[in-house]
Amino acid sequence: MSFGQNLKALRCAKLPPLTQSDLANAIGVTQRKISFLETGASEPSLRDIVAICRYFRVSADYLLGLPRDMEFPNEL
């Protein structure tokens, strides 16, 4: 899943589900920014990623949709 899909899934999984405005207020951004992040119209900043990970208590790998068993080449 993409970042936006993961963000929306986390937001909607809360009980009761968070609105975009609720999440925006909790992490210090606008509702419009949350909307843009969820739709892919905007890329998250590092600050956004950290704030969202802390709020939902998830890793950045999870939020970014990275596989658990990533293999890296020997040379970069």
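The structure presented is a predicted model; accordingly, all values stated were derived computationally and were not measured.

Cut-offs applied
Residues numbered from 1 in each chain as written. Predicted model: local features only at pLDDT ≥ 70, side-chain atom pairs only at ≥ 80, totals over all residues. Heavy atoms only, no water. Phe/Tyr/Trp six-rings, centres within 6.5 Å; stacked < 30°, edge-to-face > 60°. Buried < 20%, exposed > 50% of the residue type's maximum accessible area, 1.4 Å probe, protein only. Axes fitted to C-alpha atoms, helices over the stretch in contact; angles between N-to-C directions. Helix = DSSP H or I, 4+ residues; strand = E, 2+ residues; numbered from the N terminus. Parallel < 35°, antiparallel > 145°, perpendicular 65-115°, else oblique. Contact = heavy atoms within 4.5 Å. Nonpolar A, V, L, I, M, F, W, Y, C, P; charged D, E, K, R; others polar. Left-handed = near helix turned anticlockwise from the far one by under 90°. Arc of directions from axis to C-beta.

**Structural notes on the packing of aromatic side chains**
Here is step 1 of the chain: Considering all chains together, one arrives at one aromatic pair under this definition.
Here is step 2 of the chain: Geometrically, the ring pair formed by Tyr55 and Phe56 is edge-to-face, given 5.0 Å between the ring centres and 90° between the ring planes.
Here is step 3 of the chain: The exposure class assigned to Tyr55 is partly exposed, which follows from its relative accessible area of 29%.

**A short note on the packing of helix H2 (residues 20-27) against helix H4 (residues 46-56)**
In a packed pair of helices, the relevant descriptors are the angle between the two axes and the axis-to-axis distance.
Here is step 1 of the chain: Their axes nearest at 10 Å, the elements H2 and H4 cross at an angle of 105°. Considering their axes alone, H2 and H4 lie roughly perpendicular with respect to each other. Counted together, Leu23, Ala26 and Ile27 of H2 and Arg47, Ala51, Ile52, Tyr55 and Phe56 of H4 form the full contact between these two elements.
Here is step 2 of the chain: Residue classes in the contact of H2 with H4 are distributed as seven nonpolar, no polar and one charged.

**Digging into the packing of H2 against helix H3 (residues 31-39)**
Here is step 1 of the chain: Interhelical geometry of H2 versus H3 gives an angle of 110° and a closest axis separation of 8 Å. Comparing the axis directions of H2 and H3 gives the class roughly perpendicular. In this structure, the crossing between H2 and H3 has a hand that is right-handed. Every residue of H3 that contacts H2 at Gln20, Ser21, Leu23, Ala24 and Ile27 is listed here: Gln31, Ile34, Ser35 and Glu38.
Here is step 2 of the chain: Class assignment for the residues of the contact of H2 with H3 results in four nonpolar, four polar and one charged.

**Here we look at the environment of Arg11**
Here is step 1 of the chain: Within the fold, Arg11 resides in helix H1 (residues 3-13).
Here is step 2 of the chain: Residues in contact with Arg11, not counting those within four places in the same chain, are Pro17, Leu18, Thr19, Gln20, Leu23, Glu38 and Phe56.

**Section: H2**
Here is step 1 of the chain: Taken residue by residue, H2 has Gln20, Leu23, Ala24 and Ile27 as its buried positions. End-on, the buried residues of H2 take up no more than an arc of 100°, which puts them together on one face.
Here is step 2 of the chain: Along its buried surface, H2 packs onto H1, H3 and H4.

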